[in-house]
Amino acid sequence: MSEKSFAEKFVTSEAGSHVRPVEIRYERAARVLHVLWADGTEIDLPAALLRVESPSAEVQGHGGKKPPPPAIKPGIGIKEIEPVGNYAVRLVFDDGHDTGIYSWTYLYELGARNMN
């Protein structure tokens, strides 16, 4: 019996199956989060992009006012990937940022916007 991937362990709902990951893998040397989706789409999201596009209030702003983009140190990486229910992950970056919750839908859309 093969070991289940991160996504298989924490995604149980069939609703919105096109935005359900079947594999999430962080490639530390390349600083890239690789996601394989149920629809066959594969995306690579650089850690720096994920940090700048964090869905946290700290990055996106409070009450509709968006702050300037955060200053990102060169070579930023992801230290941890933690499940949030069956719909998202929380990424912990090596600069200490840990408040962004990346829903499957947000990751999928972010990947789609950055495929070109």
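Look a little higher up for the structure.
Since the model is a prediction, treat every value here as computed from it, not as a measurement.

A. Representation of the sheet that holds strand β6 (residues 101–103) within the structure. Spatial strand order, β4-β5-β6: 3 strands in an open sheet with antiparallel pairing. Each edge of the open sheet carries a strand with a single partner, namely β4 (78–84) and β6. The mean angle between the axes of side-by-side strands here comes to 30°, regardless of whether they run parallel or antiparallel. Note: strand β5 (residues 88–93) against β6, 3 bridges, orientation antiparallel. Looking at the pairing, A88 lines up with S103 of β6. Contacting β5 and β6, helix α4 (residues 104–113) crosses the sheet at an angle of about 75° to β6.

B. Examining the environment of E82 more closely. With respect to the helices and strands, E82 occurs in strand β4. It is 9.4 Å that separates the C-alpha atoms of E82 and I101, two residues lying 19 residues apart in sequence. A distance of 2.4 Å separates polar atoms of two side chains, one belonging to E82 and the other to R90.

C. The arrangement of unusual backbone geometry in detail. Residue R31 is not a glycine yet carries a positive backbone phi of 55°. Structurally, R31 can be placed in the loop between β1 (21–27) and β2 (32–37). Judged by its relative accessible area of 37%, R31 falls in the partly exposed class.

How each quantity is defined
- Residues numbered from 1 in each chain as written.
- Predicted model: local features only at pLDDT ≥ 70, side-chain atom pairs only at ≥ 80, totals over all residues.
- Heavy atoms only, no water.
- Pairing = 2+ DSSP bridges.
- Helix = DSSP H or I, 4+ residues; strand = E, 2+ residues; numbered from the N terminus.
- Axes fitted to C-alpha atoms, helices over the stretch in contact; angles between N-to-C directions.
- Contact = heavy atoms within 4.5 Å.
- Polar contact = N/O pair within 3.5 Å; in protein donor to acceptor, adjacent residues only side chain to side chain.
- Buried < 20%, exposed > 50% of the residue type's maximum accessible area, 1.4 Å probe, protein only.

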